[in-house]
Amino acid sequence: MLLVKTLRSSTFRLALIAIAAFGLIVAAIMAYVYFGTIAYVESRVGDAGDHSGFTAMIQLAMAAVAALLLVLAGLAAVLVTRRTVGRIEEINATSRAIMLSGLDRRIPLRGSHDEWDRAAENLNQMLDRIETLMGEVKQVSDNVAHDLRTPLTRMRGRLEKAYHHERNGEADAALIGDTIADLDAVLGMFASITRISEIETRARRSAFRALNLTEIAGEVVELYDAAAEQVATRLSISGDREVAITGDRDLLFDAVANLVDNAIKHGRKGGQVTVTCRSADGGADIAITDNGPGIPAGERDHVFKRFYRLEQSRYTPGNGLGLSLVAAVARLHGAEIALQENAPGLTVQLRFPPPAQSGTQLA
């Protein structure tokens, strides 16, 4: 079967064309050698003697060489084309299996480390990436469905209860207020998704300017000071007074605010949350540290995915988009984000590259 596909393949036809061109060149060279040899012998020996035996021997040698070259070229064409067609068939077979059964199949490698193995490795890596993205899409869809079902079910229950009861001004007002709150939560979730998408498409780079990261962090600390006091958490800021950075002020404020809010909510009650801003290697670092339970090491690669939450039952408030927004803002600003053990607690660090314009006045 493979031999039939080899003989019918376009690669084999191209190989035959190449062999034909090569054969014409070899035939021309052999004709030149043949007639040149005959002419040289005649010039040396002249007409003395019969040259027919010598000529026949030269002709036989030339025919044998031509036949041998033709056989070797044809054999090489078949072998090379068979190998090429075989690798292509492996890719086609894997592609058909993926279309029929799913993304769990991969193109086999032969260990030759040639261009075909490298192409197969690249295709397998692409399939790995597609499988990961499809898994994330499924997870996001499941989480969105779960997060929407709860508020929508509550709203329907309230409305159905109000429909079957007599009108009551105070009860109706409370029902309307609770329903509006649930709708605001749903709309807020979709607004967060839209904003993350906007950030990831780099639609906000037009708002970049020179900023003082410490000033932004100070505003966040001032905003969340009352929330920290409610849970007896000490919220403080430390580090350099001026940390130059180029970026979008609103997005940086939101990213730092999300990290501080998470540290207060998920940290230890009566604990400590510290925001530290420093200049480092021409760039800027900001670290938010708490002494709460932290995040397990096995979960740290997942917490920046959309709708991912450590609390799998998803009954606690939140939608799992806060750290996704932080990651999107970090990517937009070319920053590296890292989760580090604080023993106890967690340190979230953002490291920004040097400002684009070092001489620009800080905002």
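Each remark here, short or long, concerns the structure printed above.
Overview of the structure. Along each chain, residues carry numbers from 1 onward, in the same order as the chain's sequence is written. Residues qualify for local features only when their pLDDT is at least 70, as the model is predicted, and side-chain atom pairs are given and counted only at 80 or more; totals for whole chains, interfaces and linings, by contrast, use all residues. Values reported for side chains reflect all heavy atoms of the structure, with hydrogen atoms and water molecules removed beforehand.

Description of the overall build of the chain
When helices and strands are counted, the chain shows 8 helices and 7 strands. Burial classification: accessible surface area is computed with a 1.4 Å probe over protein chains only, and a residue below 20% of its type maximum counts as buried, one above 50% as exposed, and the rest as partly exposed. Across the 363 residues of the chain, 34% fall into the buried class. By definition in these notes, contact holds between two residues if any of their heavy atoms fall within 4.5 Å. In the chain, 70% of the contacts between residues at least 6 apart in sequence involve partners at least 24 apart. Comment: elements are numbered from the N terminus, with helices defined as DSSP H or I runs of at least four residues and strands as E runs of at least two.

A word on unusual backbone geometry
A positive phi is found at A232, a non-glycine position, where the angle reads about 60°. The phi torsion at D281 lies on the positive side, around 55°, for a residue other than glycine. Checked against the element boundaries, D281 lands in the loop between β4 (272-280) and β5 (283-290). Under the relative-accessibility criterion, D281 is labelled exposed at 79%.

So, the sheet that holds strand β6 (residues 336-341)
Strand pairing within a sheet occurs via backbone hydrogen bonds; the two strands may be parallel or antiparallel. Read from one edge to the other, the open sheet built from 5 strands follows the order β2-β4-β5-β7-β6, with strand pairing classed as mixed. Edge positions in the sheet fall to β2 (234-239) and β6, since each has one partner strand and no second. Geometrically, the sheet is characterised by an average inter-axis angle of 15° between neighbouring strands, direction not taken into account. DSSP bridges decide pairing: two strands pair if at least two such bridges lie between them. Geometry is summarised by axes, namely lines fitted to C-alpha atoms with helices restricted to the contacting stretch, and by angles between N-to-C directions that run from 0 to 180 degrees.

Description of helix α8 (residues 322-332)
Of all 11 residues in α8, 9 are buried; the element is thus mostly enclosed. Of the positions making up α8, those classed as buried are L323, S324, L325, V326, A327, A328, V329, A330 and L332.

Examining the pattern of salt bridges
Here, a salt bridge means any Lys or Arg side-chain nitrogen found within 4 Å of an Asp or Glu carboxyl oxygen. Evaluated as defined, the whole model comprises 7 salt bridges. Between R156 and E160 there is a salt bridge, and its shortest N-O distance comes to 2.7 Å. Here the residue R156 and the residue E160 both occupy positions in helix α4 (residues 115-163), the gap between them amounting to 4 residues, near one helical turn. For R156, a relative accessible area of 55% gives the class exposed. A salt bridge links K265 to D261; its shortest N-O distance comes to 3.1 Å.

Here we look at the pairing of β4
Across 6 bridges, the pairing between β2 and β4 is parallel. From the neighbouring strand, S238 faces β4, where its bridge partner is T276. Two elements, β4 and β5, share 8 bridges in a ladder whose sense is antiparallel. Bridge pairing links T276 to A287 in β5. The turn joining β4 and β5, which pair antiparallel and follow one another in sequence, is formed by 2 residues; a positive phi near 55° is taken by D281.

Considerations on the environment of G218
By secondary structure assignment, the location of G218 is in helix α6 (residues 213-230). By relative accessible area, G218 is classed as partly exposed at 27%. Between the C-alpha atom of G218 and that of I237, which follows or precedes it by 19 residues, the distance is 6.9 Å.

Some points on the nonpolar core
Residues grouped as a nonpolar core are buried Ala, Val, Leu, Ile, Met, Phe, Trp, Tyr and Cys residues, joined through side-chain atoms within 4.5 Å. Ranked by internal contacts, the top residues of the largest apolar core, which has 42 residues, are L213, L235, V260, I286, I288 and F352. Breaking this core down by element, the ones donating at least two residues are α6, α7 (249-266), β4, β5, α8 and β7 (346-352). Looking at this core element by element, the count peaks at 9 residues for α7. Those residues in contact with L235 that sit more than four places away from it in its chain are V221, Y224, D225, A228, V260, I264 and V273. One finds V26, M30, Y34 and M62 within the second-largest nonpolar core, a separate group that totals 6 residues.

Section: the packing of α6 against α7
Two elements in contact, α6 and α7, have axes whose closest approach is 9 Å; the angle formed by their N-to-C orientations is 35°. You can see that α6 and α7 cross each other, and the crossing is right-handed. Of the residues in α7, those in contact with E215, I216, A217, E219, V220, L223, Y224, A227 and A228 of α6 are R249, L252, F253, V256, A257, V260, D261 and I264. Lys, Arg, Asp and Glu make up the charged group, whereas Ala, Val, Leu, Ile, Met, Phe, Trp, Tyr, Cys and Pro make up the nonpolar group; the residues left over, Gly among them, are polar. Of the residues contributing to the contact of α6 with α7, the split by class is 13 nonpolar, no polar and 4 charged. For a crossing to be left-handed, the near helix must be turned anticlockwise from the far one by less than a right angle; the clockwise case is right-handed.

Regarding the side chain of N291
Among the structural elements, N291 can be located in the loop between β5 and α8. Engagement of the side chain of N291 in a polar contact is seen with the backbone nitrogen of Q272, the distance being 3.2 Å. Ignoring sequence-local partners within four residues, the contact set of N291 consists of R268, G271, Q272, N342, P344 and G345. We call two N or O atoms a polar contact when they sit within 3.5 Å, provided that within protein one can donate a hydrogen and the other can accept it, with sequence-adjacent residues counted only if both atoms are side-chain atoms.

Remarks on the environment of G292
Mapped onto the secondary structure, G292 falls in the loop between β5 and α8. Considered as a pair, G292 and G270 are 22 residues apart in the sequence and their alpha carbons are 9.8 Å apart. Residues contacting G292, with those up to four places away along its chain left out, are H266, G267, R268, P344 and G345.

Focus: the pairing of β6
In the case of a regular strand, side chains alternate between the two sheet surfaces. Taken together, the 6 bridges between β6 and β7 define a ladder with antiparallel strand orientation. Pairing of Q340 across the sheet is with T347, part of β7. In sequence, β6 turns back onto β7 through a hairpin of 4 residues, with A343 there showing a positive phi of about 50°.

Geometry only, nothing functional implied.
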